[in-house]
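Descriptive structure summary
In case you want the letters, here they are:
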Amino acid sequence: MRSDRPRLVAVRPALAALALAAVVAACGDATAPEPAPPTTDAFPVTVEVAGSSVTILERPERIVSLSPSSTEGLFAIGAGARVVAADEYSDFPAEAPTTDLSGFTPNLEAIATYEPDLVVAQYDPGDLVAGLEALGVPVLLLPSAATLEDVFTQLTALGTATGESAAAAAAVADLRARLDAVVAGLPVLEEPLTYYHELDDTYFTATSSTFVGAVYALLGLENVADAADPDGAAFGYPQLSAEYLLAADPDLVFLADTRCCAVTATGFAARAGFDVLTAVREGRVFELDDDVASRWGPRIVDMVEQVGAAVAGVATGTVG
């Protein structure tokens, strides 16, 4: 899989603001002092996450990101200006320095040409970490997230690794608050709603055992695909069929193939026999952004809010 947030501005405490005002008043017409530059974390730091550990001696100034989710995270915590290169799939935000670097088959020599002092990668194919460490370049490994808590843990790790721990903490707090608001606003239903999450137009999908499945579970939805991969033989990504979907008749359909396969809610509804589906008849087919739905960066909360709104809309009768 291809595998943001607004910049967070620190607000001075009221006491500090009053103190500054008093100083200015005491100086009469004197020009107010320039605000002090933001403090950064002390280095060296050791970051431990997902079973791996890396020590970073100095604040990184040239970061290479080999994971779209990490690229989004770096920009979300204010470290984006220091990202000098990102992998081929890192297309968000727009200012991300996307290159032809591969996160799946990383090329040590190609990465080294950017003279990084920190590389963030999704996994080590066997020689990436050792090769870069031999060049004196630390590597922070942030593997695929399994839960939303992993998203927060990785943002915190990025903050520690880049000297932006305060900004990372603020970003995590903001994301948690948004998630809590969605969950708190969910209606109480007599029975949970069922759903189908489409990955492509050949009916590949994701079960509750996957990261995106866990996101839906947080909102109390039941996945119609779970029965298609009960023992995990498909690693949580079974391929269904039109017949299977017609028999399951989900209450909601979420299309995460609007980019890859140009699928639309209208096109989905026009598939042979699909006019009888509850989700089609009730207008409950929703288009998602493929990238948001397949990554575990900060924008995953955008998807949670979209799905939460769909659930609330069904309950209130404003959707379907």
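Scroll up a little and you will see the structure.
This section reports on the structure supplied with the text. (Residues numbered from 1 in each chain as written. Predicted model: local features only at pLDDT ≥ 70, side-chain atom pairs only at ≥ 80, totals over all residues. Heavy atoms only, no water.)

1. Some remarks on the sheet that holds strand β7 (residues 194–198)
Strand order in this open sheet of 4 strands is β8-β7-β9-β10, and the pairing throughout is parallel. This sheet does not close on itself; its edge strands, each paired only once, are β8 (222–223) and β10 (285–287). Strand direction decides the pairing type here: β7 and strand β9 (residues 252–255), joined by 4 bridges, are parallel. When the bridges of β9 are listed, Tyr196 appears paired with Val253. Helix-sheet contacts for helix α12 (residues 300–316) involve β7, β9 and β10, and the interaxial angle to β9 is about 155°. (Pairing = 2+ DSSP bridges. Helix = DSSP H or I, 4+ residues; strand = E, 2+ residues; numbered from the N terminus. Contact = heavy atoms within 4.5 Å. Axes fitted to C-alpha atoms, helices over the stretch in contact; angles between N-to-C directions.)

2. Remarks on helix α5 (residues 148–162)
End to end, α5 covers 22 Å across 15 residues, agreeing with the expected 21 Å (1.5 Å per residue, within 8%). All buried positions along α5 are accounted for by Leu148, Val151, Phe152, Gln154, Leu155, Ala157, Leu158, Gly159, Ala161 and Thr162. Looking one or two residues beyond α5, the residue adopting positive phi is Gly163, at roughly 80°. (Expected span 1.5 Å × (residues − 1). Buried < 20%, exposed > 50% of the residue type's maximum accessible area, 1.4 Å probe, protein only.)

3. Concerning the sheet that holds strand β4 (residues 83–86)
With parallel pairing, the 4 strands of this open sheet are ordered in space as β4-β3-β5-β6. In the strand order of this sheet, the two ends are held by β4 and β6 (139–141), each with one partner. Adjacent strand axes in the sheet meet at a mean angle of 20° when their direction is disregarded. Bridge count for strand β3 (residues 63–65) against β4 is 3 bridges, and the pairing is parallel. Counted as the bridge partner of Val64 is Ala85 from β4. Lying on the sheet, helix α2 (residues 68–76) is in contact with β3, β4 and β5 (118–121); it crosses β3 at an angle near 140°.

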